[in-house]
Amino acid sequence: MSGWINSLLAFLALLGRWMLESTQHTGRMILFTGAVFLRLFPAWTRPRLIIQEVYAIGVLSLVIIVISGGFVGLVLGLQGYNILSKFNATESLGVMVSLSLVRELGPVVTALLFAGRAGSAMTAEIALMKTTEQLSAMEMMAVDPLRRVVAPRFWGALFAMPLLAALFSLVGILGGYLIGVVVLGVDPASYWGQIQQQMSPVDDVLNGVIKSLAFGFVIGLIAVFEGYDAEPTSLGISRATTRTVVLSSLTVLGLDFILTAWMFGT
Amino acid sequence: MDSYIQFERVSFSHGRRVILDQVDLVIPRGKITAIMGPSGTGKTTLLRLIGGQIRARSGRVMVNGLDMGRASRSELLAMRRRLGMLFQNGALFTDLTAGENVAFPLREHSRLPEDIIQRIIALKLQAVGLLSAADQMPAALSGGMSRRVALARALALDPELMLYDEPFTGQDPINLGVLLRLIASLNKALGLTSVLVSHDVTEALSIADQVFVINEGRVVGSGSPEDLLVQKAQSPFLQQFLDGVPDAVTGQSETEARNLAVALGLGVPTVPMAEQESVQ
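Residues numbered from 1 in each chain as written. Chains lettered and ligands numbered in written order. Predicted model: local features only at pLDDT ≥ 70, side-chain atom pairs only at ≥ 80, totals over all residues. Heavy atoms only, no water.

### A short note on the overall build of chain B
The line we're drawing: Strands are runs of DSSP state E lasting at least two residues, helices are runs of H or I lasting at least four, and both sets are numbered from the N terminus onward. Residue exposure (1.4 Å probe, protein chains only): buried if accessible area is under 20% of the type maximum, exposed if over 50%, otherwise partly exposed. Using a 1.4 Å probe, the Shrake-Rupley method yields the accessible areas, and only the shown protein chains count as cover for residues. For the purpose of counting charges, residues Lys and Arg are taken to be positive, whereas Asp and Glu are taken to be negative. His and the chain ends are not included. Every charge is mapped onto a representative atom, which is NZ of Lys, CZ of Arg, CG of Asp or CD of Glu.
Counting its regular elements, chain B contains 11 helices and 10 strands. Here the C-alpha coordinates of chain B stretch approximately 85 × 45 × 35 Å along the principal axes. Here chain B holds 280 residues, and the buried ones make up 48% of them. Total accessible area computed for chain B in this model is approximately 13,900 Å², and 52% of it derives from carbon and sulfur atoms. Between the averaged position of the 27 positive side-chain charges in chain B and that of its 29 negative side-chain charges there is a distance of 9 Å.

Encoded structure:
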């Protein structure tokens with residue numbers, strides 16, 4: 001009997017500790033977000049730093065985005081052709097591939113890849129700077145690390161994400177063209193014509209851009225926060241990078257549902 | 001004596017653990033002051049309090065007339081521009097070359113033309129004897145070289161106050177000699193006020209004008225190195241710390257040493273185990 005009570009008490013203690021830690025973590029994140037927001041515009045006094053981050057975060061993620069976009073487009077083209085051919089509607093392949101990519105897969109898959117490639121790198125870099133006292137050294141030189149290190153990386157993520165998502169969708173549409181038109185013989189005029197007729201620049205393209213901006217915002221924020229808040233040990237860095245990828249991915253998927261319901265819900 | 005830094009009944013704690021307990025210190029202007037004590041006694045905390053990275057739980061820290069507990073953000077930043085700090089591991093920016101590390105505070109706080117910045121980099125690196133390493137990345141530098149580049153970076157803005165956090169730890173004898181000479185000569189040549197946190201007794205005492213010894217959050221000895229040697233006679237802790245005597249070695253018998261070896265699994269017991277158990 002006492003063993004059962006002890007187990008229950010241990011469970012409650014564990015639950016309590018977890019809730020306290022989660023609340024503290026959330027509180028720190030809110031304070032950090034406020035502090036970063038105050039430095040977002042002052043960070044533009046050094047635009048070169050932001051351009052460097054767009055390069056480090058965006059340009060260096062190009063390969064993985066282009067390859068993934070190509071394969072997703074190929075698969076969408078193949079699956080779409082198989083389904084549409086049952087209804088003699090293969091001429092709609094172009095619009096099916098492009099809508100799937102621009103509205104949904106482009107922003108979401110890019111965001112997931114971005115969290116794994118760039119988000120984890122940002123977290124690890126900032127956490128390592130903290131561990132090796134580089135951030136402390138900046139503070140002691142009267143240089144604000146939030147303005148010098150964190151804000152440019154956040155801007156970098158915000159700029160890079162919509163551009164990468166657009167590129168992902170573009171390469172995906174080309175992949176769909178390759179498999180649908182070149183390999184399976186769909187009429188090229190139908191492929192492009194349907195895209196032009198059926199896709200709305202506002203409802204589809206703009207909403208996709210808004211989604212990718214929102215994903216860039218949350219991934220950027222989570223990545224820089226987890227790096228800045230990391231315990232300054234090797235285990236702390238490893239935990240922080242893992243948290244960045246897991247938290248960013250789950251947040252992106254949850255946010256995607258909310259945004260989709262808001263943008264495309266009836 | 002003109003003081004640069006004053007600690008007035010300063011206390012600081014991490015959670016329930018008291019790091020500093022009612023500490024009073026006066027650090028004179030233009031001198032080298034060593035703060036010594038065993039590891040984990042709050043020496044680095046003192047430096048962080050001076051730099052304003054943390055605030056005291058109670059008491060007052062005054063740096064050049066500025067109350068660090070009440071200083072505004074802009075006052076704190078202005079104070080830090082007159083301060084240089086050498087971190088224990090150098091804390092060089094790993095994505096910048098040695099020269100760019102030295103240029104970092106200049107680029108952040110001045111609008112000097114590039115050719116002047118290049119000349120200052122050369123001057124500062126020359127002062128620490130590493131002009132040839134200007135284009136090297138920190139990963140390519142040895143520990144001693146990294147620390148000297150970090151020293152050049154700390155001196156870039158011609159500070160009034162230099163803080164050194166364990167500058168001698170892990171240095172080979174040659175680098176150690178170079179660092180000692182540099183710290184002493186820079187302090188004299190530039191008229192700096194230097195605060196040196198260290199547990200390397202011989203090295204710290206050889207260059208310090210004044211010494212504070214801290215143990216368990218309190219100042220247990222202070223004065224010139226000569227004063228400290230006099231105080232040592234009256235304080236068992238000072239004697240043990242300054243002479244580097246490990247705990248409970250004096251009078252340890254051969255039997256005790258053997259039993260310790262047995263406990264560590266490195267030897268055979270002096271008394272048979274059965275006999276030991278019956279005694280217990």
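Having seen it, we continue.
### A short note on unusual backbone geometry
The residue A:Glu133 is not glycine, and still its phi comes out positive at about 65°. Relative to the helices and strands, A:Glu133 resides in the loop between helix H4 (93–131) and helix H5 (134–140). Of the residues examined, A:Glu133 reaches a relative accessible area of 24% and is grouped as partly exposed. With a phi angle near 50°, B:Asp158 is a residue other than glycine that sits in the positive phi range. Tracing the chain through its elements places B:Asp158 in the loop between helix H5 (143–154) and strand E7 (161–165). For B:Asp158, a relative accessible area of 55% puts it in the exposed group.

### Side note on the interface of chain A and chain B
Going by this rule: Between two residues, a contact is recorded if the distance between any of their heavy atoms is within 4.5 Å. For any pair of parts, buried area is found by adding up, for both, the accessible area (1.4 Å probe) each one loses once the two are put together. Salt bridge criterion: a side-chain nitrogen from Lys or Arg within 4 Å of a carboxyl oxygen from Asp or Glu. Under the rule applied, a polar contact is a pair of N or O atoms within 3.5 Å (in protein, one hydrogen donor and one hydrogen acceptor; residues adjacent in sequence only if both atoms are side-chain atoms). In this count, Pro and Cys sit with the nonpolar residues alongside Ala, Val, Leu, Ile, Met, Phe, Trp and Tyr, while Asp, Glu, Lys and Arg are called charged and the others, Gly among them, polar.
Tallying the contact residues gives 16 residues for chain A and 24 residues for chain B. A combined buried area of about 1,700 Å² lies between chain A and chain B, and 55% of that area is made up of carbon and sulfur atoms. For the chain A face of the interface with chain B, the top three residues by lost area are A:Met140, A:Met141 and A:Ala142, together amounting to 39%. Counting every contact that joins chain A to chain B gives four salt bridges. Between A:Arg46 and B:Glu108 there is a salt bridge, with its nearest N and O atoms 2.7 Å apart. Here chain A and chain B share eight residue pairs in polar contact (both at pLDDT 80 or more) between them. Of all the secondary structure elements, the ones that give two or more residues to the side of chain A that touches chain B are H5 and helix H6 (145–183) of chain A. Among the elements that make up the side of chain A that touches chain B, the one with the highest residue count is H5(A) (six residues). Looking at side-chain class alone, the side of chain A that touches chain B contains six nonpolar, three polar and seven charged residues.

### Some words on the sheet that holds strand E4 (residues 58–63) of chain B
All names here are of chain B. Threshold: Strand pairing is assigned whenever DSSP detects at least two bridges linking the two strands. Angular values range over 0 to 180 degrees, each being the angle between N-to-C directions of two axes fitted as lines to C-alpha atoms, with helices fitted over their stretch in contact.
Strand order in the open sheet made by the four strands is E2-E1-E4-E5, with antiparallel pairing throughout. At either end of the open sheet lies a strand with only one pairing partner, and these are strand E2 (17–28) and strand E5 (66–67). Relative to E2, strand E1 (residues 3–14) runs antiparallel, the two being bridged by eight bridges. Bridging across to E2, Gln 6 finds its partner in Val 26. Helix-sheet contacts for helix H1 (residues 43–51) involve E1, E2 and E4, and the interaxial angle to E1 is about 120°.

### Things to note about the packing of helix H2 (residues 47–58) of chain A against H6(A)
All names here are of chain A. Selection rule: In this scheme, roughly parallel covers angles under 35 degrees and roughly antiparallel covers those over 145, while 65 to 115 is roughly perpendicular and the rest are oblique. Working rule for handedness: look at the near helix, and if it is turned counterclockwise from the far one by less than a right angle, call the crossing left-handed; if clockwise, right-handed.
Where H2 meets H6, the closest approach of the two axes is 8 Å, and the angle between their N-to-C directions is 50°. As summarised for this structure, H2 and H6 are arranged oblique, according to the angle between their axes. Crossing handedness for the pair H2 and H6: right-handed. On H6, the residues touching Leu 49, Ile 50, Glu 53, Val 54, Ile 57 and Gly 58 of H2 are Arg 148, Pro 152, Arg 153, Trp 155, Gly 156, Ala 157, Phe 159, Ala 160 and Leu 164. Classifying every residue of the contact of H2 with H6 by side-chain character gives 10 nonpolar, two polar and three charged.

### Description of the packing of aromatic side chains
Given two aromatic rings, one states the distance between the centres and the angle between the planes to describe the pair. Let me state the cut-off plainly: In this scheme Phe, Tyr and Trp rings, the latter by its six-membered ring, pair at centre separations within 6.5 Å, and the angle between planes marks the pair as stacked below 30 degrees, edge-to-face above 60, and tilted otherwise. Look at NZ for Lys and CZ for Arg. If either is within 6 Å of the ring centre and within 35 degrees of the ring normal, a charge sits over the ring.
This structure, assessed with the given rule, holds 14 aromatic pairs over all chains. Here A:Phe32 and A:Tyr228 contribute two aromatic rings whose centre-to-centre distance is 5.4 Å and whose plane-to-plane angle is 45°, an arrangement assigned as tilted. Of the two residues, A:Phe32 sits in helix H1 (residues 2–40) while A:Tyr228 sits in helix H8 (residues 201–229), which places them 196 residues apart along the sequence. A residue is classified by how much of its surface remains accessible, and A:Tyr228, at 22% relative accessible area, is partly exposed. Summarising the aromatic geometry, the rings of A:Tyr177 and A:Tyr191 are spaced 5.5 Å apart at their centres and angled 75° between planes, so their arrangement reads as edge-to-face. Placement of the pair is A:Tyr177 in helix H6 and A:Tyr191 in helix H7 (residues 188–198), with a sequence separation of 14 residues. Its end group placed over the ring of B:Phe93, B:Arg153 keeps NZ or CZ at 4.6 Å from the ring centre.

### Structural notes on the domain arrangement of chain B
All names here are of chain B. The criterion, for reference: A domain assignment, automatic or from a database, supplies the domain bounds used here.
When the domains of chain B are assigned, the result is domain 1 (3–82 + 159–245) and domain 2 (98–155). On the domain 2 side, the residues contacting the 16 residues of domain 1 number 10 residues. For the pairing of domain 1 and domain 2, the buried interface totals around 1,000 Å² over both sides, and the portion due to carbon and sulfur atoms is 68%. The interface formed by domain 1 and domain 2 holds zero salt bridges in total.

### Notes on the sheet that holds strand E6 (residues 83–86) of chain B
Residue and element names in this part refer to chain B. The strand order E6-E7-E8-E3-E9-E10 describes an open sheet built from six strands, whose pairing is mixed. Of all the strands in the sheet, just E6 and strand E10 (218–223) have a single pairing partner and so form its edges. The average undirected angle you get between the axes of adjacent strands in this sheet is 15°. In terms of strand pairing, E7 meets strand E8 (residues 193–198) through five bridges, oriented parallel. Each residue of the ladder has a partner; that of Tyr 164, found in E8, is Leu 196.

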